[in-house]
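# Reading the structure
Residue strings, one per chain:
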Amino acid sequence: MGWIWLDALTDCEILYHGEASDRYALEIVSGVLESANTDSGASGSEVLATGAWRHFAWVLSGTGPGQLNTYLDGALEVAHEGNPAITTPTALRLGGDSGFAMDGSMAHWKIWDAALSVPEIEAEILVAAPVRSANLHAYYPFTDTSTDQDDFSGNGRTLTVNGAFSDGGSGPTFGPPPPPSERSRFNLAALLARGYGG
């Protein structure tokens, strides 16, 4: 889960987990969110807008109907099915790639090896750093261009950066105004396919 600021509403990947024949993807297609597995996709109903921070949470809790859910600002936007044919995807990509890159910014991405509940998602929206530490897979604040590739969860899942980080201005506001160190955002308009193995 994390925060996204769209500078332009183009078809793009927000998050891609796996490889072409064995994958899950969270995308924006024709202005709406789409959650997809290798075999199929499901679309949300809200047409997204540019120029505002939005919170996205993507929860995979199993392989049946309604087991791949996408939350927009804490509310369920897309319900889809997990795919039992998908084995364990290894690659994770944030922000897309050269053919499907997101034009915008990301902040405070948190990834768990567990399905979070709606109350847990709502708690995570309110703060920058992870609230839940159990099963935390990775945390990327994206608040400093010199450390944006670093995993702050302590698990050592450093990102591989394709392109360059750039300071894009102010980040999302959490509850009361956050400290200055949590208010930066970094622009992904340049080619910034980010990924790591495992």
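## A word on the nonpolar core
In terms of nonpolar packing, the biggest core is built from 23 residues, with Ile4, Ile14, Leu33, Met106 and Trp109 touching the most fellow members. Looking at this core, the elements with two or more residues in it are β1 (2-6), β2 (12-19), β3 (22-29), β9 (91-94), β11 (109-112) and β12 (136-140). Top element by residues in this core is β2. It accounts for three residues. Ignoring any residue separated from it by four or fewer positions in sequence, one finds Ile4 in contact with Ile14, Ala52, Trp53, Arg54, Phe56, Met102, Ser105, Met106 and Trp109. Listed in part, the 13 residues of the second largest apolar core include Trp3, Trp53, Val59 and Trp112.

## Some points on the environment of Thr70
Summarising the element assignment, Thr70 is placed in strand β7 (residues 68-72). Given a relative accessible area of 0%, Thr70 falls into the buried group. Sequence separation of Thr70 and Ala57 is 13 residues, and the distance between their C-alpha atoms is 5.7 Å. Not counting the four nearest positions on each side in its chain, Thr70 is found in contact with Leu26, Leu33, Ser35, Ala57, Trp58, Ala75, Leu76, Glu77 and Val78.

## Considerations on the pattern of salt bridges
All chains considered together, the criterion is met by five salt bridges. Lys110 is the partner of Glu124 in a salt bridge, and the nearest nitrogen-oxygen pair spans 2.9 Å. Residue Glu124 is located in helix α1 (residues 118-125), and its partner Lys110 is located in strand β11; the two are separated by 14 residues in the primary sequence. Taken individually, Glu124 and Lys110 each receive the classification buried, so the pair is uniform in this respect. For Glu120, the salt bridge goes to Arg132, with nearest N and O atoms at 3.0 Å. Highlighted residues: Glu120 in helix α1 and Arg132 in the loop between α1 and β12, separated in sequence by twelve residues. Judged by relative accessible area, which is 26%, Glu120 ranks as partly exposed. Salt bridges here are not isolated pairs; linked through shared partners, they connect Glu46, Arg54 and Asp73.

## So, α1
For α1, the set of buried residues is Ile121, Glu124 and Ile125. When α1 is viewed along its axis, its buried side chains cluster within an angular range of 105 degrees and face the same direction.

## What about the packing of aromatic side chains?
Where two aromatic rings form a pair, the distance of their centres and the angle of their planes describe that pair. Summed over the entire model, instances satisfying the criterion amount to two aromatic pairs. With 5.8 Å between their ring centres and 65 degrees between their planes, Trp5 and Trp53 make a pair best called edge-to-face. Within this pair, whereas Trp5 is found in strand β1, its partner Trp53 is found in strand β6 (residues 53-60), the two being separated by 48 residues in sequence. Judged by centre distance (6.1 Å) and plane angle (15 degrees), the ring pair of Tyr140 and Phe142 falls under stacked. A relative accessible area of 0% places Tyr140 in the buried class. Lying over the aromatic face of Tyr16, Arg93 brings its terminal NZ or CZ to 4.3 Å of the ring centre.

## Examining a nonpolar patch on the surface
A contiguous nonpolar patch, built from Leu126, Val127 and Val131 and spanning about 250 Å² of accessible area, is present on the exposed surface. Take Val127: it is sitting in the loop between α1 and β12.

## A word on the confidence of the model for the chain
Low pLDDT marks regions whose predicted coordinates should not be analysed in detail. For the chain, the mean per-residue pLDDT works out to 78, and 76% of the residues sit at or above 70. Of the regions scoring below 50 in pLDDT, residues 175-198 engages in 101 contacts with residues more than four places distant in sequence or in other chains.

## Describing the environment of Asn37
Looking at where Asn37 falls in the secondary structure, it is placed in strand β4 (residues 32-37). In sequence terms Asn37 and Gly18 are 19 residues apart; their C-alpha atoms lie 9.8 Å from each other.

Cut-offs applied
Residues numbered from 1 in each chain as written. Predicted model: local features only at pLDDT ≥ 70, side-chain atom pairs only at ≥ 80, totals over all residues. Heavy atoms only, no water. Core = buried A, V, L, I, M, F, W, Y, C linked by side-chain atoms within 4.5 Å. Buried < 20%, exposed > 50% of the residue type's maximum accessible area, 1.4 Å probe, protein only. Helix = DSSP H or I, 4+ residues; strand = E, 2+ residues; numbered from the N terminus. Contact = heavy atoms within 4.5 Å. Salt bridge = Lys/Arg side-chain N within 4 Å of Asp/Glu carboxyl O. Arc of directions from axis to C-beta. Phe/Tyr/Trp six-rings, centres within 6.5 Å; stacked < 30°, edge-to-face > 60°. Lys NZ or Arg CZ within 6 Å of the ring centre and 35° of its normal. Patch = residues over 30% accessible without salt bridge, like charges linked within 9 Å, V, L, I, M, F, W, Y side chains within 5 Å. Areas by Shrake-Rupley, 256 points an atom, 1.4 Å probe, with all protein chains shown as cover. pLDDT = per-residue confidence, 0-100.

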